[in-house]
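Letter by letter, the chains look like this.
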Protein chains: 4
Amino acid sequence: MEVGFLGLGIMGKAMALNLLRNGFRVMVWNRTRSKCEGLAEHGASIGESPAAVVSMSKYTIAMLADPSAALSVVFGKDGVLEQICDGKSYIDMSTVDADTSSKISEEITKKGGRFLEAPVSGSKKPAEDGQLIILAAGEKALYDEVIPFFDALGKKSFFLGPVGNGAKMKLVVNMVMGSMMKALSEGLSLAGSSGLNQQTLLDVMDLGAIANPMFRQKGPAMIQGNYPPAFPLKHQQKDIRLALALGDENAVPMPVAAAANEDFKRARSLGLGDLDFSAVHEIVKATGSWGDAV
Amino acid sequence: MEVGFLGLGIMGKAMALNLLRNGFRVMVWNRTRSKCEGLAEHGASIGESPAAVVSMSKYTIAMLADPSAALSVVFGKDGVLEQICDGKSYIDMSTVDADTSSKISEEITKKGGRFLEAPVSGSKKPAEDGQLIILAAGEKALYDEVIPFFDALGKKSFFLGPVGNGAKMKLVVNMVMGSMMKALSEGLSLAGSSGLNQQTLLDVMDLGAIANPMFRQKGPAMIQGNYPPAFPLKHQQKDIRLALALGDENAVPMPVAAAANEDFKRARSLGLGDLDFSAVHEIVKATGSWGDAV
Amino acid sequence: MEVGFLGLGIMGKAMALNLLRNGFRVMVWNRTRSKCEGLAEHGASIGESPAAVVSMSKYTIAMLADPSAALSVVFGKDGVLEQICDGKSYIDMSTVDADTSSKISEEITKKGGRFLEAPVSGSKKPAEDGQLIILAAGEKALYDEVIPFFDALGKKSFFLGPVGNGAKMKLVVNMVMGSMMKALSEGLSLAGSSGLNQQTLLDVMDLGAIANPMFRQKGPAMIQGNYPPAFPLKHQQKDIRLALALGDENAVPMPVAAAANEDFKRARSLGLGDLDFSAVHEIVKATGSWGDAV
Amino acid sequence: MEVGFLGLGIMGKAMALNLLRNGFRVMVWNRTRSKCEGLAEHGASIGESPAAVVSMSKYTIAMLADPSAALSVVFGKDGVLEQICDGKSYIDMSTVDADTSSKISEEITKKGGRFLEAPVSGSKKPAEDGQLIILAAGEKALYDEVIPFFDALGKKSFFLGPVGNGAKMKLVVNMVMGSMMKALSEGLSLAGSSGLNQQTLLDVMDLGAIANPMFRQKGPAMIQGNYPPAFPLKHQQKDIRLALALGDENAVPMPVAAAANEDFKRARSLGLGDLDFSAVHEIVKATGSWGDAV
């Protein structure tokens, strides 16, 4: 089976390699062509443009940095739309909002192509190990056909219904994650201020019903005040904001997420937006200049 | 090694059995004597009163229902204080507040006895399986001596420092747990109202960084609207309230826990206090009688 | 001085009458022509279309129901744009969002016209009494020229800077108002549940530092459970949501407004959206169907 | 009519003077005797102790700094209890919690005396002008008898029912006040960050439905960053905390007050507790030391 692959950033490169390793023939394209050459060494062919890749491939997968990159690869000069047609399929695995996804879907299908959005949960390591979680939505028949690709890329894929549901599912998960991160931060702060050992709190939690990988991985670093950016705080806050907006449409009260959101905003206002989202823990250490006045 | 054991409720009975199974000689007492006989069949001897048990035992463990039971067993007629003395130790594994614990500690040590508070994390099943998590605080030398008991009762024990810290650690853990439960409920509600499958949300979360046993166990039942009481909602709310009060002393802002607390209060106001704490999920289904007016 | 007036709803009619009473010659237009006749009896002339009014007037004031009406009167067939030109001015006093306002401003000025947005604070009674508060933004020179109109319509007008600032100022004021309404509701609930007389609470507050007309007017009706719609709850919630979105851009943490917003959403989910915004008080009376289960 | 008066702080001195001015014969006592002399110049007699004042007076009014002072004047050596008896009445106008009030009430009435708690709303200026608001609770017949005193001291008095209700009413009012202060702060911050003039926001609000003396008085100083302590922030936070605890008893959800409370706690954690409660506005200006890291 032959497949096109657009976008060779950290995630895309690892994914394209996994496709090659699993015996697929892959034609790659990347805005900066030099990144394609590393893939060529592993057997990939190189396309000159998104349009060129699509013209040669029945299926084209995209893994792009953000909504604007996702849009420009489709709508731009030499873009996907110039070659997409009946019999060809486009699978966008970039993380984009539901609106962007719908816009791309609409134009692809107008031209006779088929579309699937398939954002992933998981970052660099799971991408390299083929252990991503794939949140697919769009055309069910296409989903069934591309399972072999997804099996090479992830440990599990879900079909979630109409286009937009992949993006929404990510928002819901990230909203819960943001509230949990803030809950962890409050627990650590309360422990510290109450004379309890913060690492022991992590140890106790890790043995019980609320044990989870995030507390295990981020907790010790938060105690140290280290926040190496895996998932930037400003993106976490944006996702909670969008989830709250989604809830607003149907009048779903979510006061815990709303409270967490305000603290992530507070962290942004303190200049922490580019650190890891666990840096929300720093807001308890904020200081003022009122010592003399008081 | 010989040990006294006071209190044979669901938890206490399972714990006393584990001590017997691990080869300790155990003298038991319970307010309702009939419960002692089940233990006698497994080799326990029976004491006539807390005082009688203490008089015969170097170490006495208590596992009582609540602070008032814990106080009455110590301070009441034929209570622990009548026989505790130099060379004897009292380990209270009941879940009580720091004040109750301190009061008991003070009187025990005045009489020359040694004291350890050791509340546990875990309920019936872990108690039966000897898999409790033990949060001990008080006299370190005594903690070291009674490790063999704790090894029989739990999978892990922690020594947390001065009396009161065991109770505080439980509050912090339960506060984080309450915020997480509310976060889960909000995620399920948002998924449901956005056209996403709620069980799929649970499946997706269970594969990623926030996967945890509580979501796995409670989530499916919450979708069904089932809340078999494992940890009553009113106790969960009380623990968050006490944790917030602890934070108030040191001015630790905890807005997510505060928001969760208000929703647990709302659930209480709807008559859900005796259901499981996961019943906080029901508040989104509350209805009014304004249909006609609107 | 001659002035055109577009839109004769409850507010617009009262405002046009005040202009006539103050000696201005007014040409009116309304989508439903019959409403114009009441004004003609007071001396107004009638225009056949927005374009016709603009062609005859140096200044045209609009007071329309919502953003879509505001847009259609400008951009539609026989609309304002067809006749606006150098030497003519358009003052939009409708309540619209900053984006709508900017869009209108842009096209008016492209044609050589001058533009002022001037949303008002106050409802029917102040409109009739010429006691509105006018929040103007746009071209300062135009503001200075039309002060005579504003003097006829309001007790006070403000010039707030560039187009969009009028809309923003309304959002900020309405956000504070929404938080205050929720604070009042919580106070009434707490008083009631604590054995205090709710009317006495209102009386006490009305004598002190937080005395305000809203508590005085809405409070007694809230105790009775009456919510005659002066400002619909769904609009109040929308304004808080938009204010929070405005704050998000600059990372301003506003946890009290966020908490109030979630309760207004809860009220919407209970079907209270079309009642007065004071109906947020009803959420404390929501009930479930768990009586038997508990 | 003759009356005893205990406590000549800022408030008490002004109140005792008003009683004298209104023609009552007053016997005063103060822990620091020198303060009595100023009153003697205006015609007061001086008592050697609380007991001495009570022995000479049918009615004794107390205005003490805090609960511990209120308790010690009653229960201490030469205290009120030593002379209170059938036919004598004690009116405590200090601001104390409901528990303290009940404790005093109980002992006074055991000795045959009659009791009224009567905390006031209003500070130095209203005390001097006889414009306090008096929140009385306890024995209704006594309340009716002492109306002449209250007429001299305040512009309005309320009888609120059983002892404790005076304290509770103050908590409810102060809770609403705290939420409003936080709402004001958020409005000012949002205005400032959105390019609106903050003073204009105050002006606009002061003309509409939410106009209130607190916004008028505190608002301009908050813009300047001035917080002269009229009502200390730590007391405001304590009152919200106590109000939330009162609500907890009856499961009244109060998320806006809870969110405000967390921000007042945050302000305390920044060292602002002794400034005026309007200093909660400073938390938006808190800074960190992460500039380099980001």
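Residues numbered from 1 in each chain as written. Chains lettered and ligands numbered in written order. Predicted model: local features only at pLDDT ≥ 70, side-chain atom pairs only at ≥ 80, totals over all residues. Heavy atoms only, no water.

(A) Expanded view of the overall build of chain A. When its secondary structure is counted, chain A shows 13 helices and nine strands. Considered along the principal axes of its C-alpha atoms, chain A spans approximately 70 × 40 × 40 Å. Relative to its 294 residues, chain A shows a buried fraction of 59%. In chain A, the share of contacts with a sequence separation of at least 24, taken over all contacts with a separation of at least 6, comes to 64%. (Helix = DSSP H or I, 4+ residues; strand = E, 2+ residues; numbered from the N terminus. Buried < 20%, exposed > 50% of the residue type's maximum accessible area, 1.4 Å probe, protein only. Contact = heavy atoms within 4.5 Å.)

(B) Spotlight on the pattern of salt bridges. What the rule picks out here adds up to 79 salt bridges over all chains. The shortest N-O distance in the salt bridge between Asp 206 of chain B and Arg 216 of chain B comes to 2.8 Å. With Asp 206 of chain B in helix H10 (residues 198–206) and Arg 216 of chain B in helix H11 (residues 213–224), this pair connects stretches of sequence that are 10 residues apart. When the shortest N-O distance is used, the salt bridge between Asp 274 of chain C and Lys 234 of chain C registers 2.5 Å. Highlighted residues: Asp 274 of chain C in the segment after helix H12 (255–269) and Lys 234 of chain C in helix H11 (residues 233–249), separated in sequence by 40 residues. What makes Asp 274 of chain C partly exposed here is its relative accessible area of 39%. (Salt bridge = Lys/Arg side-chain N within 4 Å of Asp/Glu carboxyl O.)

(C) Region of interest: the UniProt feature "domain: 3-hydroxyisobutyrate dehydrogenase-like NAD-binding" (unreviewed entry) in chain A. When the UniProt feature table is mapped to this numbering, "domain: 3-hydroxyisobutyrate dehydrogenase-like NAD-binding" (unreviewed entry) covers residues 164–281 of chain A. Counted over residues 164–281 of chain A, helix gives 69% and strand 0%. Its end C-alpha atoms are 32 Å apart. (UniProt positions renumbered as here; feature names shortened; annotations may be inferred.)

(D) Representation of the relation of the copies chain C and chain D within the structure. Rotating chain C by 180° and translating it 0.0 Å along the rotation axis places it on chain D, where the RMSD comes to 0.1 Å. With respect to symmetry, the two chain copies, as superposed, fit the operation of a two-fold axis. Taken as a fraction of all interface residues of chain C, those also at the interface in chain D reach 100%, which identifies the copy contact as same-surface. (Least-squares fit on C-alpha atoms with pLDDT ≥ 70 in both.)

(E) Region of the structure containing the UniProt feature "active site" (unreviewed entry) in chain A. Residue and element names in this part refer to chain A. UniProt marks Lys 170 with the feature "active site" (unreviewed entry), using the numbering shown here. Here Lys 170 shows up in helix H9 (residues 165–193). Once you skip the residues sitting within four places of it in the chain, Lys 170 turns out to touch Thr 95, Pro 119, Val 120 and Leu 135.

(F) Spatial organisation of the environment of Lys 182 of chain C. Looking at the secondary structure, you find Lys 182 of chain C in helix H8 (residues 165–193). Judged by its relative accessible area of 2%, Lys 182 of chain C is buried. On a C-alpha basis, the gap between Lys 182 of chain C and Ala 167 of chain C in space is 23 Å, while along the polypeptide they are 15 residues apart. Here Lys 182 of chain C is in contact with Ala 260, Asp 263, Val 280 and Ile 283 of chain C together with Pro 255 and Val 256 of chain D, once residues within four sequence places are set aside. Within the structure, Lys 182 of chain C has its side chain in polar contact with the side chain of Asp 263 of chain C (distance 2.7 Å). (Polar contact = N/O pair within 3.5 Å; in protein donor to acceptor, adjacent residues only side chain to side chain.)

(G) The packing of aromatic side chains, seen in detail. Counted by the stated rule, this structure contains 24 aromatic pairs over all chains. Consider the rings of Tyr 90 of chain D and Phe 115 of chain D, whose centres lie 6.3 Å apart with planes at 25°: the pair is stacked. Of this pair, Tyr 90 of chain D sits in strand S5 (residues 89–92) while Phe 115 of chain D is found in strand S6 (residues 114–117), placing the two residues 25 residues apart along the sequence. Members of the aromatic cluster, each reached through a chain of ring pairs, are Phe 24, Tyr 59 and Phe 149 of chain A. Lys 156 of chain A extends its terminal NZ or CZ atom over the ring of Phe 158 of chain A, reaching a point 5.4 Å from the ring centre. The ring of Phe 159 of chain C has Lys 140 of chain C lying over it, and the distance from NZ or CZ to the ring centre is 5.7 Å. (Phe/Tyr/Trp six-rings, centres within 6.5 Å; stacked < 30°, edge-to-face > 60°. Lys NZ or Arg CZ within 6 Å of the ring centre and 35° of its normal.)

(H) Structural detail: the side chain of Lys 218 of chain A. Residues and elements named next belong to chain A. Tracing the backbone through its elements, the reader meets Lys 218 in helix H11 (residues 213–224). The buried category is assigned to Lys 218, whose relative accessible area is 16%. The residues contacting Lys 218, other than those within four sequence positions of it, are Met 181, Ala 230, Asp 276, Phe 277 and Ser 278.

(I) Quick peek at the pairing of strand S4 (residues 59–62) of chain B. All names here are of chain B. Every second residue of S4 is oriented toward a common face, with Tyr 59 and Ile 61 on one face and Thr 60 and Ala 62 on the other, all of them buried. Bridge count for strand S1 (residues 2–6) against S4 is four bridges, and the pairing is parallel. Across the sheet, residue Leu 6 finds its bridge partner in S4, namely Ala 62. Of the pairings in the sheet, the one linking S4 to strand S5 (residues 89–92) comprises four bridges and is parallel in character. Each residue of the ladder has a partner; that of Ile 61, found in S5, is Ile 91. On the question of chirality, the crossover connecting S4 to the parallel S5 by way of helix H4 (residues 67–75) is right-handed. (Pairing = 2+ DSSP bridges. Right-handed = clockwise from strand over helix to strand, strands pointing away.)

(J) Representation of the interface of chain C and chain D. Chain C puts 54 residues into the contact, and the matching count from chain D is 55 residues. Of the roughly 4,700 Å² buried at the junction of chain C and chain D (both faces included), carbon and sulfur atoms supply 80%. The tally of links from chain C across to chain D stands at zero salt bridges. One can count 10 residue pairs in polar contact (both at pLDDT 80 or more) joining chain C with chain D. A per-element tally of the side of chain C that touches chain D places H8 of chain C first, with 18 residues. For the side of chain C that touches chain D, the per-class residue count stands at 34 nonpolar, 13 polar and seven charged. (Buried area = accessible area lost by both parts, 1.4 Å probe. Nonpolar A, V, L, I, M, F, W, Y, C, P; charged D, E, K, R; others polar.)

(K) View of the nonpolar core. Met 205 of chain A, Met 205 of chain B, Met 205 of chain C together with Met 205 of chain D are the most contacted members of the largest nonpolar core, which totals 205 residues. The contact partners of Met 205 of chain D, leaving out residues within four places of it in the chain, are Val 173 and Val 176 of chain C together with Leu 184, Ile 210, Ala 211 and Phe 215 of chain D. (Core = buried A, V, L, I, M, F, W, Y, C linked by side-chain atoms within 4.5 Å.)

(L) Main features of the packing of H8 of chain C against helix H13 (residues 255–269) of chain D. For the pair H8 of chain C and H13 of chain D, interaxial distance at closest approach is 8 Å and the crossing angle is 110°. With respect to H13 of chain D, the axis of H8 of chain C lies roughly perpendicular. On H13 of chain D, the residues that touch Ser 179, Lys 182 and Glu 186 of chain C of H8 of chain C are Pro 255, Val 256 and Ala 257 of chain D. Partitioned by chemical class, the residues of the contact of H8 of chain C with H13 of chain D number three nonpolar, one polar and two charged. (Axes fitted to C-alpha atoms, helices over the stretch in contact; angles between N-to-C directions. Parallel < 35°, antiparallel > 145°, perpendicular 65-115°, else oblique.)

(M) Spotlight on helix H10 (residues 198–205) of chain A. Taken together, the buried positions of H10 of chain A are Thr 200, Leu 201, Leu 202, Val 204 and Met 205 of chain A. Where H10 of chain A is buried, its residues contact H9 and H11 of chain A together with strand S8 (132–138), strand S9 (154–159) and helix H9 (165–193) of chain B. For H10 of chain A, the N-terminal capping position is held by Asn 197 of chain A, with its side-chain oxygen 2.9 Å away from the main-chain nitrogen of Gln 199 of chain A.

(N) Representation of the pairing of strand S2 (residues 25–29) of chain C within the structure. Residue and element names in this part refer to chain C. Burial analysis of S2 places four of its five residues in the buried class, the great majority of the element. Note that strand S1 (residues 2–6) and S2 share five bridges and pair parallel. What sits directly across from Gly 4, in S2, is Met 27. After leaving S1, the chain enters helix H1 (residues 10–21) and then returns to the sheet as S2, a path that is right-handed. With two bridges connecting them, S2 and strand S3 (residues 45–46) associate as parallel partners. Of the residues in S3, the one forming a bridge with Val 28 is Ile 46. A crossover links S2 with its parallel partner S3, the connecting element being helix H2 (residues 34–40), and its sense is right-handed.

(O) Fine view of unusual backbone geometry. All names here are of chain C. Within the chain, Ala 251 stands out as a residue other than glycine whose phi angle is a positive 55°. Summarising the element assignment, Ala 251 is placed in the loop between H11 and H12. Classification of Ala 251 by relative accessible area gives buried; the value is 7%.

(P) Layout of the environment of Asp 92 of chain D. All names here are of chain D. When you line up the elements, Asp 92 lands in strand S5. For the pair Asp 92 and Gly 219, spaced 127 residues apart in the sequence, the C-alpha separation amounts to 33 Å. Dropping the residues within four chain positions of it, Asp 92 is found in contact with Ala 62, Ala 70, Ile 104, Phe 115, Leu 116, Glu 117, Ala 118 and Pro 119. There is a polar contact of 2.6 Å between the side chain of Asp 92 and the side chain of Ser 94.

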